[in-house]
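Tertiary structure, described
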Amino acid sequence: MISNLNALKNKDSIRVAIIGLGAVTRNIHLPAYSILAKKIKVVGGCDTDVEARKTAREKFGITEVFDNPLKMIESTVPDIVSVCTPPFLHVEQTLMALENGCHVFCEKPLAESLPRAVQIVKAAEEFGRQVVVNNQFPYMNIHLGAKRMIGSPEFGRLLFLQAWQTFHPTHDTEAGWRGELQQRLCFEFGIHVFELARYFFEAEPVLISAQMPQPQPDKFSDTLNLITLEFADGRAASIILNRLSKGPERYLDMRLDGELASVHTSIGGSVGIKAGIHTREKRPFLGIDFVKGGSAVLQKGNKSKIIAKDGINPFASSTAHHFGNFIKAIQEGETPPATAQDNLKTLALVFAAYESAKSRCAVKMDEYLGNIQ
Ligand SMILES: NC(=O)c1ccc[n+]([C@@H]2O[C@H](COP(=O)([O-])OP(=O)(O)OC[C@H]3O[C@@H](n4cnc5c(N)ncnc54)[C@H](O)[C@@H]3O)[C@@H](O)[C@H]2O)c1
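The structure reproduced in this document is the subject of the present report. Please read all numbers here as calculations on a predicted model, not as lab measurements.

The rules we used
- Residues numbered from 1 in each chain as written.
- Predicted model: local features only at pLDDT ≥ 70, side-chain atom pairs only at ≥ 80, totals over all residues.
- Heavy atoms only, no water.
- Helix = DSSP H or I, 4+ residues; strand = E, 2+ residues; numbered from the N terminus.
- Expected span 1.5 Å × (residues − 1).
- Core = buried A, V, L, I, M, F, W, Y, C linked by side-chain atoms within 4.5 Å.
- Buried < 20%, exposed > 50% of the residue type's maximum accessible area, 1.4 Å probe, protein only.
- Domains from an automatic or database assignment.
- Contact = heavy atoms within 4.5 Å.
- Pairing = 2+ DSSP bridges.
- Axes fitted to C-alpha atoms, helices over the stretch in contact; angles between N-to-C directions.

1. Quick look at helix α6 (residues 114–127)
- Helix length check: α6 (14 residues) gives 20 Å between terminal C-alpha atoms against 20 Å at 1.5 Å per residue, within 8%.
- Looking one or two residues beyond α6, the residue adopting positive phi is Gly-128, at roughly 65°.

Structural data, given as structure tokens:
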């Protein structure tokens with residue numbers, strides 16, 4: 001059952017089997033795997049829901065479909081198992097895949113608590129397998145483009161990062177397991193922003209302070225996250241996740257302020273015509289922006305230039321990039337980026353944010369992490 005490194009190295013295609021055939025599999029994983037079709041083969045899928053299995057078979061051409069993950073692994077012998085189920089199943093299914101000799105590509109959030117995530121890290125070590133978490137946002141072109149600017153002569157050092165989301169929850173977005181999460185917004189979405197903050201600053205925040213006010217007491221979960229991250233050298237990030245606003249939706253916007261310029265990244269397609277007058281220079285301007293999946297814009301005062309764009313599905317293309325790094329690393333016997341071990345630091349920020357909001361005190365991350373190791 002356990003495939004050894006040489007066998008993987010010489011394989012034309014890596015065998016991937018998927019647990020959970022819901023939205024993330026249909027909209028992100030399968031499109032990502034088709035980008036990587038020369039390197040991987042989807043050998044099986046598994047879901048407890050009969051409709052999800054039918055769709056996977058009839059619409060997505062997964063012929064080997066199961067209702068039980070262990071049966072799937074025993075029958076299809078995958079090299080990698082992708083865990084695409086709701087978060088409360090990630091630990092047990094990841095452990096099961098590791099115990100059966102597979103590497104794991106697990107959806108975020110890795111676990112519902114830090115001690116449970118540590119169990120995964122220990123099992124990966126014990127079984128000599130890799131677990132990578134799909135916090136894929138750093139691999140969107142716009143975030144790669146922004147990262148390239150950091151430290152460049154045009155941008156200088158990154159000093160401050162501001163991130164914001166305005167999103168309208170609907171019956172559909174809150175259906176099923178999501179609507180049952182009391183820790184919802186920061187746990188399920190904020191985790192992407194924390195991963196990006198760690199990626200851009202290349203440092204770990206030393207202090208986190210969060211408020212999660214609830215102006216609508218009938219709401220079950222967090223709908224407003226006001227979060228500050230501070231780094232040891234005085235740099236900082238400010239994050240506002242807003243699911244109350246009825247204004248235009250912005251999936252995720254970020255402004256990175258450097259010593260010499262700023263970069264504004266924005267996920268989400270738009271076509272915009274801008275016209276107006278730059279007041280200081282008393283100069284009119286007209287511009288047309290067309291971006292499909294997102295853009296990164298370098299800004300210096302009123303001057304701006306697009307430095308990167310994403311296509312229509314940046315979630316899938318970034319997952320393909322991330323998964324491509326994963327298979328390259330396991331074929332070469334190296335440690336891939338964004339392992340479960342690394343992801344503990346991102347996940348810790350999520351739980352520390354909830355603790356800070358509850359206690360109304362800032363949380364020191366070294367003490368917080370010290371308590372769980
Ligand atoms: N990385 C990203 O950009 C991204 C985007 C969306 C969702 N996600 C994550 O992906 C995960 C799944 O989200 P989703 O939107 O696909 O949810 P979903 O509810 O659409 O799909 C989950 C699927 O798992 C199946 N399932 C439930 N219990 C199972 C079991 N015991 N064995 C096998 N299958 C089972 C369900 O029937 C369902 O089809 C979550 O952790 C979510 O946070 C990540």
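2. Quick look at the nonpolar core
- Counting residues in each nonpolar core, the largest one holds 85 residues, and the members touching the most others are Phe-194, Ile-208 and Leu-229.
- In this structure, this core is formed jointly by two domains, domain 1 (5–129) and domain 2 (138–313 + 352–363), each of which donates at least three residues.
- When neighbours within four sequence positions are excluded, Phe-194 is seen to be in contact with Cys-186, Ile-208, Ile-227, Leu-229, Ile-239, Thr-346, Leu-349, Val-350 and Ala-353.
- Within the second largest apolar cluster, 23 residues are counted, among which are Leu-8, Val-16, Tyr-33 and Phe-323.

3. Examining the sheet that holds strand β15 (residues 294–300)
- The sheet built from nine strands is open, its strands ordered β16-β15-β12-β11-β7-β10-β9-β8-β17 with mixed pairing. Each having just a single partner strand, β16 (303–310) and β17 (363–364) make up the two edges of the open sheet.
- Relative to strand β10 (residues 236–242), strand β7 (residues 158–166) runs parallel, the two being bridged by seven bridges. Each residue of the ladder has a partner; that of Trp-164, found in β10, is Ile-240.
- Contacting β11 (250–258), β12 (262–267), β15 and β16, helix α7 (residues 141–149) runs over the sheet at an angle of about 130° to β16.

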